[in-house]
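The lines below spell out each chain.
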Amino acid sequence: LWVHLLDGFDGKQAEIYVQDIRTQTAVYQEQMRLGSTYEAGAAVDHSDYRAASEGGIIQVDIPALTGEGEPLLAVNQDYYWEFAIICNPNDRTQDYTVQGLMTRLELSDELSYSLANSPAEQQAELYAEAGIWQETLAIAQSLKPTDNQLWTNLLDSVGLAALSETPLKDCCSLDVQ
C-alpha cells in the first residue's frame, strides 16, 4: 500500500491492519516505527533519521503468503485495510488513520503474456489499464529516477498531481518485541 505522510511523524509507531470483509477477521496486522530504517541496537545515522521527518510517500508491504505458506489474500475477495499512526498507545482513538478497500486480482492469461513480453514502462500502462493500482505505482516508482514523467503522469491521471514532487521515503522498520 502507498501512504502519504505529512511532516513530523518520524519515530512514531504505526500499524497496518488488514481484515477479511466477509468474516470480519484480521488477516494481517503489524506494527512498525516510521522513519526508522535501522535495526534495534544498531548505530543510527541521525542525519538520515531527521530527513524522515520531512514527510513523503511510503510503500507499506503486505506479505503475499502467511507463515504457513498459504496466500494471505484470496483472489477476488475484498479486504478492508487501515494504516494508523499511533499517537497514544493507551488511547487508540487518538490515532491518525487512513483506510480503504483492496481486492487481490488474478491476472488473465492475455495480460500475463503481455506483461512478460513488455518493457517496464509498458507494464505500468498495462497494469493501469487493468485497474491494478499497486503494481502500477510500484513500477512507476522504480522508474522515477530515470523517467519522472511516468510517475507525474500517473499521479495526475488520478487527481494527485500535487503529490508528484513529494519525496519517496523508505518506510519503516518492523518492531521486534
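A brief structural summary. (Residues numbered from 1 in each chain as written. Predicted model: local features only at pLDDT ≥ 70, side-chain atom pairs only at ≥ 80, totals over all residues. Heavy atoms only, no water.)

Structural notes on the overall build of the protein
To keep things clear, this is the line we draw: The secondary structure listing takes helices from DSSP runs of H or I that are at least 4 residues long and strands from runs of E that are at least 2 residues long, numbered from the N terminus. Working definition: with a 1.4 Å probe on protein chains only, accessible area under 20% of the residue-type maximum means buried, over 50% means exposed, and in between means partly exposed. Here a residue-residue contact requires only that any non-hydrogen atoms of the pair lie within 4.5 Å.
The helix and strand inventory of the protein stands at five helices and eight strands. Mapped from its N terminus to its C terminus, the protein presents α and β elements in the order β-β-β-α-β-β-β-α-α-α-α-β-β. The buried share of the protein, reckoned over its 177 residues, is 34%. Looking at the protein alone, contacts between residues at least 24 apart form 58% of all its contacts between residues at least 6 apart.

Description of the environment of L168
Among the structural elements, L168 can be located in strand β7 (residues 168-169). With relative accessibility at 27%, the residue L168 sits in the partly exposed group. Taking the C-alpha atoms as reference points, L168 and G55, 113 residues apart in sequence, are found 8.8 Å from one another. Not counting residues within four places of it along the chain, the set of residues in contact with L168 comprises I57, Q141, K144 and W151.

Concerning the layout of surface pockets
The cut-off we apply is this: Think of a 1 Å grid over the protein atoms and nothing else: a 1.4 Å probe that fits but is trapped marks a cavity, an open set flanked by protein within 12 Å on at least five of seven lines marks a pocket, and residues with an atom within 4 Å of a point count as lining. Grid points are joined across faces, edges and corners, and a volume is the space filled by probe spheres set on the points. Classes in brief: Ala, Val, Leu, Ile, Met, Phe, Trp, Tyr, Cys and Pro nonpolar; Asp, Glu, Lys and Arg charged; the others, Gly included, polar.
Computed from the structure, the largest pocket encloses a volume of approximately 760 Å³. Elements with a contribution of two residues or more to the lining of the largest pocket: β6 (96-103) and α4 (133-143). The class makeup of the residues in the lining of the largest pocket is 18 nonpolar, four polar and three charged.

Section: the nonpolar core
As a reminder of what qualifies: To define a nonpolar core, start from buried Ala, Val, Leu, Ile, Met, Phe, Trp, Tyr and Cys residues and group those joined through side-chain atoms within 4.5 Å.
I16, L34, I58, V60 and F83 are the most contacted members of the largest nonpolar core, which has 20 residues in total. Of all the elements in the fold, those that place two or more residues in this core are β1 (2-5), β2 (13-20), β3 (25-34) and β5 (78-86). It is β5 that provides the largest number of residues to this core, a total of four residues. If sequence neighbours within four positions are ignored, I58 has contacts with L1, W2, V3, L5, L34, F83, K169, D170 and C171. Listed in part, the 17 residues of the second largest apolar core include W2, L111, A124 and I139.

A word on the sheet that holds β7
Rule in force here: Pairing between strands is defined by DSSP: at least two bridges between them are needed. Helix axes are fitted to C-alpha atoms over the stretch in contact, other axes to C-alpha atoms as well, and angles between N-to-C directions run from 0 to 180 degrees.
Read across the open sheet, the three strands follow the order β1-β4-β7; overall the sheet is mixed. Of all strands in the sheet, those bounded by a partner on one side alone are β1 and β7. Contacts between α4 and the sheet are confined to β1, β4 (56-59) and β7, with β1 contributing the most and set at about 65 degrees to the helix.

Points about α4
Defined as follows: An arc is given here, and it is the one of the directions from the helix axis to the C-beta atoms.
Buried within α4 we find T136, L137, I139, A140 and L143. Seen from one end, α4 has its buried residues packed into an arc of 165 degrees, which puts them on one side. In this structure, the buried side of α4 is in contact with β1, α3 (120-129) and α5 (148-157).

Some points on the side chain of T136
In plain terms, the rule: Polar contact is the term for a pair of N or O atoms within 3.5 Å; when the atoms are in protein, one must be able to donate a hydrogen and the other to accept it, and sequence-neighboring residues count only if both atoms are side-chain atoms.
Within the secondary structure layout, T136 lies in helix α4. Overall, the relative accessible area of 1% leaves T136 in the buried class. Polar contacts involving the side chain of T136 include one to the main-chain carbonyl oxygen of I132, which spans 2.7 Å. In this structure T136 touches A124, Y127, A128 and L154, once residues within four positions along its chain are discounted.

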